[in-house]
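Observations on the three-dimensional arrangement
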Amino acid sequence: MLSFTHGQLSAICAIIGLSLAACSPQKPPAQAADTSSKPSATASQKPNKTIAISAIVAHPSLDAIRQGIIDELAAEGYIKGQNLTVNFQSAQGNTATAGQISKQFVADKPDAIVAISTPTAQSLAAASKEIPIVYTAVSDPVAAKLITQQNTPTQPNITGLSSQLPLAPQLDFMQKIMPSAKSIGYVFSAGEMNSVALRDKLSIALPKRGMNLVDIPANRPTDIAMATNSLGGKAQLIYTSMDNNVASAFESMVQSANALKLPIIASDEFSVRRGATAALGVNDYDFGRTTGKMVGKILDGTPVSQVKPEVMNQLTLYVSPKHAQAQGLTLNPELLKGAINVDTTPERKIDK
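Residues numbered from 1 in each chain as written. Predicted model: local features only at pLDDT ≥ 70, side-chain atom pairs only at ≥ 80, totals over all residues. Heavy atoms only, no water.

1. Things to note about the side chain of histidine 323
Locating histidine 323 in the fold gives a position in helix α14 (residues 321-326). From its side chain, histidine 323 meets the backbone oxygen of valine 272 in a polar contact 2.8 Å long. Dropping the residues within four chain positions of it, histidine 323 is found in contact with Val272, Arg273, Arg274, Gly275, Ala276 and Thr277. (Helix = DSSP H or I, 4+ residues; strand = E, 2+ residues; numbered from the N terminus. Polar contact = N/O pair within 3.5 Å; in protein donor to acceptor, adjacent residues only side chain to side chain. Contact = heavy atoms within 4.5 Å.)

2. What about the nonpolar core?
Core analysis: the biggest nonpolar cluster contains 76 residues, and Ile51, Ile177 and Leu202 have the highest contact counts within it. Setting aside residues no more than four positions away along its own chain, isoleucine 51 makes contact with Leu73, Leu84, Thr85, Val86, Asn87, Pro110, Ala112, Val295 and Leu299. Counting 24 residues, the second largest nonpolar core, distinct from the first, contains Ala235, Ala276, Ala279 and Val342. (Core = buried A, V, L, I, M, F, W, Y, C linked by side-chain atoms within 4.5 Å. Buried < 20%, exposed > 50% of the residue type's maximum accessible area, 1.4 Å probe, protein only.)

3. So, the confidence of the model for the chain
Summary statistics for the chain give a mean pLDDT of 87 and a share of 87% for residues scoring 70 or more. Under a pLDDT of 50 for its full length, residues 1-15 has, in the predicted model, 34 contacts with residues more than four places off or in other chains. Across residues 17-39, where pLDDT falls below 50, the model places 51 contacts with residues more than four positions away in sequence or in other chains. (pLDDT = per-residue confidence, 0-100.)

4. Some details on the pattern of salt bridges
Under the counting rule described, the total for this entry stands at twelve salt bridges. Glutamate 72 is the salt-bridge partner of arginine 289, the closest N and O atoms lying 2.8 Å from each other. Here arginine 289, found in helix α13 (residues 284-299), pairs with glutamate 72, found in helix α4 (residues 60-75); they are 217 residues apart in sequence, far enough to count as distant. Comparing arginine 289 with glutamate 72 shows no difference in burial state: the two are buried. Aspartate 215 is the partner of arginine 199 in a salt bridge, and the nearest nitrogen-oxygen pair spans 3.4 Å. Of this pair, arginine 199 sits in helix α8 (residues 193-205) while aspartate 215 sits in strand β7 (residues 212-217), and the two are 16 residues apart along the sequence. Residue classification places arginine 199 among the partly exposed residues on the basis of a relative accessible area of 21%. Judged by its relative accessible area of 31%, aspartate 215 is partly exposed. Residues joined in a network through salt bridges with shared partners are Glu72, Arg289 and Lys293. (Salt bridge = Lys/Arg side-chain N within 4 Å of Asp/Glu carboxyl O.)

5. Details of unusual backbone geometry
Negative phi values dominate among residues other than glycine, just as trans dominates among peptide bonds. Phi is positive for glutamine 92, which is not a glycine, with a value near 55°. Tracing the chain through its elements places glutamine 92 in the loop between β2 (84-90) and α5 (95-108). What makes glutamine 92 exposed here is its relative accessible area of 60%. Positioned with a positive phi, alanine 137 is a non-glycine residue whose angle comes to about 60°. Summarising the element assignment, alanine 137 is placed in strand β4 (residues 133-138).

6. So, the packing of α4 against α13
It is at 6 Å that the axes of α4 and α13 come closest, and there the two elements cross at 45°. It follows from the interaxial angle that α4 and α13 lie oblique. For the pair α4 and α13, the sense of crossing is right-handed. Where α4 approaches α13, its residues Ser61, Ala64, Ile65, Gln67, Gly68, Ile69, Asp71, Glu72, Leu73 and Ala75 are matched on the opposing element by Asp284, Tyr285, Phe287, Gly288, Arg289, Thr291, Gly292, Lys293, Val295, Gly296 and Leu299. (Axes fitted to C-alpha atoms, helices over the stretch in contact; angles between N-to-C directions. Parallel < 35°, antiparallel > 145°, perpendicular 65-115°, else oblique. Left-handed = near helix turned anticlockwise from the far one by under 90°.)

7. Points about the packing of aromatic side chains
Inspection of the entire model under this criterion finds one aromatic pair. Both rings, one in tyrosine 186 and one in phenylalanine 188, keep their centres 5.5 Å apart while their planes meet at 5°; by these two values the pair is stacked. Note on accessibility: tyrosine 186 and phenylalanine 188 belong to one class, buried. (Phe/Tyr/Trp six-rings, centres within 6.5 Å; stacked < 30°, edge-to-face > 60°.)

8. Remarks on the sheet that holds β4
Judged by pairing direction, the sheet is parallel, and its six strands sit side by side in the order β2-β1-β3-β4-β5-β11 without closing on themselves. Pairing within the sheet leaves two strands with one partner each, and these edge strands are β2 and β11 (310-311). Where strand β5 (residues 158-162) lies against β11, two bridges are found, and the strand directions are parallel. Looking at β11, one finds that leucine 161 is bridged to glutamate 310. (Pairing = 2+ DSSP bridges.)

9. What about the pairing of β4?
Of all six residues making up β4, six are buried, and the element is well covered by its neighbours. Inspection of the sheet shows strand β3 (residues 112-116) paired to β4 by four bridges, in the parallel sense. Counterpart to isoleucine 113 in the pairing with β4 is isoleucine 133. At this point the chain moves from β3, through helix α6 (residues 118-127), to the parallel β4, and the crossover so formed is right-handed. (Right-handed = clockwise from strand over helix to strand, strands pointing away.)

10. Re the sheet that holds strand β6 (residues 183-188)
The seven strands lie next to each other as β7-β6-β8-β9-β10-β12-β13, forming an open sheet whose pairing is mixed. Looking at the sheet topology across the chains shown, the edges are occupied by β7 and β13 (340-341). Pairing of β6 with strand β8 (residues 237-239) involves two bridges; the strand directions are parallel. Paired with glycine 185 across the bridge in β8 is isoleucine 238. Sheet strands in contact with helix α7 (residues 167-177) are β6, β8, β9 (264-266), β10 (278-281) and β12 (316-319), and its direction is about 155° off that of β10. The strands touched by α8 are β6, β7 and β8; relative to β6, the strand with the most contacts, the crossing angle is about 165°.

In structure tokens form, the structure reads like this:
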């Protein structure tokens with residue numbers, strides 16, 4: 001992860017039309033410091049605890065969030081394999097399996113459950129009203145009925161961290177990166193509430209900018225390539241954001257987009273590493289570290305009702321000139337000066 005000087009941040013924000021506060025990356029200590037090997041409290045000072053973690057599917061973005069959670073808990077004295085037992089299960093993209101995992105977790109009675117992604121959080125919320133549940137990687141917890149408009153959890157055992165990315169900066173960025181784009185392609189899972197909610201927002205926001213939305217549902221990972229191919233001749237740009245169905249088959253989207261010369265704009269680092277042109281979004285690992293702080297409070301004895309739901313929407317810009325070229329686009333050199341170039345920045349290692 002590269003660090004930014006104030007001047008660099010000012011330059012990049014000027015390019016994409018954002019304020020410095022909206023564009024700033026997450027504070028460096030949560031990511032840059034190797035706190036996983038330097039815990040603030042030793043394992044002997046903390047009681048033995050068990051947590052369960054579930055994700056709707058395994059892919060790099062969600063894996064990075066999980067790693068951040070485990071590293072943050074280690075920094076707070078809950079060390080996996082010593083005084084912390086971690087039970088991780090992926091539903092492999094199957095909502096029925098997510099339901100089965102939720103029931104098993106509730107039966108196991110861990111000290112806390114972490115729900116990574118919207119479908120997982122909804123499934124776990126339906127399964128338990130007592131065990132503390134911390135949701136994360138949920139882009140619209142209100143639409144998912146996890147919290148109210150007043151930021152109050154819909155049931156007393158729930159809190160979490162959401163990634164409610166402001167839509168306007170995303171659209172500003174798309175228009176800066178390709179001013180000629182008039183139609184935006186959006187492949188989404190009709191079964192993911194967060195993706196449907198974003199589709200609805202795009203359908204309202206894009207016409208106000210003189211653009212239109214070409215939305216294509218894809219309900220299974222095997223449908224992603226066909227859905228992307230259907231954008232040929234209809235869209236000039238593809239936008240994707242936190243759709244787990246798309247993320248699980250992202251290479252299929254990239255292959256089709258490359259053939260069609262359609263640049264993909266995403267909202268996370270790993271989508272750029274996997275083939276997107278660029279992304280303006282939160283850092284997944286930092287997202288996990290922040291989630292881990294919430295889980296740590298609960299393990300320390302703070303009632304879940306006193307751990308308020310939070311939003312993390314500080315933005316980091318990731319680019320890949322290599323992938324942009326493959327998708328028929330040359331990135332503005334000025335943009336590269338302030339962005340994190342994934343072509344030259346090593347990827348963080350994630351424990352499987």
